[in-house]
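Close look at the chain arrangement
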Amino acid sequence: MGERAREAQGESAVREPEFRPMLLTDVPVITSIEREAFTVPWSAEAFMNELRHNHFARYTVMELEGAIIGYGGMWVIMDEAHVTNIAVRAQYRGRGYGEMLLRRLMRMAAEQGARSMTLEVRVSNEVAQNLYRKLGFRQNGIRPRYYTDNQEDAYIMWADLASGGGTT
């Protein structure tokens, strides 16, 4: 079904976003998205430090029609990638953009030699857990009281990138 047909039926067509490396000039928009997505958001200074000083850090933004609608970041150390942040603007959630963004991070990590990827997720965040499982992540531990806002535990999840899990 074409985009016009979907719109005629009242469905929102998912448009293909563009990806590019995060720039220092993106930080104000990124921190705005960060505040929408997280109860304990990273500061502008934290992002600037990552971009300026952390040689393990890889951050990408997702743009739609020239506007940043999401971003993701990870540290690639040796053959492992650790997702630090991933978020999509509230009005674009539930349309597949988060999956596209995570697939992009997984592909980037594999291209840089990572064989596995890890992340933490709130035990209460079943929507995110479902996405991660769909892309090949499996629960492999728990971090007690990981989140400082409410002392909620985090599941530790891992994906095998060497097998191409989730990167197609």
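Residues numbered from 1 in each chain as written. Predicted model: local features only at pLDDT ≥ 70, side-chain atom pairs only at ≥ 80, totals over all residues. Heavy atoms only, no water.

**Structural notes on the confidence of the model for the protein**
Looking at the protein, the pLDDT average stands at 90 and 88% of residues meet or exceed 70. Residue range residues 1–11 is modelled with pLDDT below 50. Its contacts to residues more than four positions away, or to other chains, number six contacts. (pLDDT = per-residue confidence, 0-100. Contact = heavy atoms within 4.5 Å.)

**Focus on the pattern of salt bridges**
The full count for this structure, using the stated rule, is nine salt bridges. R20 is the partner of E63 in a salt bridge, and the nearest nitrogen-oxygen pair spans 3.2 Å. Highlighted residues: E63 in strand β2 (residues 57–64) and R20 in strand β1 (residues 18–21), separated in sequence by 43 residues. E63 gets classed as buried once you look at its relative accessible area, which sits at 16%. Its salt-bridge partner being E99, residue R103 comes within 2.9 Å of it at the nearest N-O pair. Taken together, the residues span about one helical turn, with R103 and E99 both in helix α4 (residues 97–111) at a distance of four residues. This pair shows no difference in class: R103 is buried, exactly as E99 is. Each member of the salt-bridge network shares a partner with another, and the members are R20, D26 and E63. (Salt bridge = Lys/Arg side-chain N within 4 Å of Asp/Glu carboxyl O. Helix = DSSP H or I, 4+ residues; strand = E, 2+ residues; numbered from the N terminus. Buried < 20%, exposed > 50% of the residue type's maximum accessible area, 1.4 Å probe, protein only.)

**Description of the nonpolar core**
Nonpolar side chains in soluble globular proteins generally cluster together in the buried interior. Counting residues in each nonpolar core, the largest one holds 29 residues, and the members touching the most others are M74, L102, M106, M117, Y132 and F137. Breaking this core down by element, the ones donating at least two residues are β2, β3 (67–77), β4 (80–88), α4, β5 (116–122), α5 (126–134) and β7 (154–160). Considering every element that reaches this core, the biggest residue donor is α4, with seven residues. Ignoring any residue separated from it by four or fewer positions in sequence, one finds F137 in contact with L102, M106, M117, T118, L119, Y132, M157, W158 and A159. (Core = buried A, V, L, I, M, F, W, Y, C linked by side-chain atoms within 4.5 Å.)

**Structural notes on the pairing of β7**
Judged from the seven bridges that link them, β5 and β7 form a sheet pairing that is antiparallel. In the sheet register, S116 faces β7, and the bridge partner there is D160. Pairing of strand β6 (residues 138–143) with β7 involves four bridges; the strand directions are antiparallel. Pairing of I142 across the sheet is with Y155, part of β7. (Pairing = 2+ DSSP bridges.)

**Topic: the packing of aromatic side chains**
Counted under the stated rule, the structure contains six aromatic pairs. Between W42 and F47, the aromatic rings sit 5.2 Å apart at their centres with planes inclined by 50°, giving tilted as the arrangement. Overall, the relative accessible area of 27% leaves W42 in the partly exposed class. A centroid spacing of 5.8 Å and a plane angle of 55° characterise the contact between Y132 and F137, whose relative ring orientation is tilted. The pair Y132 / F137 is uniform in exposure class, with both members buried. Taken together, W42, F47, Y59 and Y71 form an aromatic cluster joined through their ring pairs. Directly above the aromatic system of Y147 lies the positively charged group of R122, at a separation of 4.1 Å from the ring centroid. (Phe/Tyr/Trp six-rings, centres within 6.5 Å; stacked < 30°, edge-to-face > 60°. Lys NZ or Arg CZ within 6 Å of the ring centre and 35° of its normal.)

**Description of the packing of helix α2 (residues 27–37) against helix α3 (residues 44–53)**
Between α2 and α3, the least distance of the axes is 9 Å, while the angle of their chain directions is 125°. The orientation of α2 relative to α3 falls into the category oblique. As α2 packs across α3, the resulting crossing turns out to be right-handed. Between α2, through V27, I30, T31 and E34, and α3, the contact on the second element is made entirely by A44, F47, M48 and L51. (Axes fitted to C-alpha atoms, helices over the stretch in contact; angles between N-to-C directions. Parallel < 35°, antiparallel > 145°, perpendicular 65-115°, else oblique. Left-handed = near helix turned anticlockwise from the far one by under 90°.)

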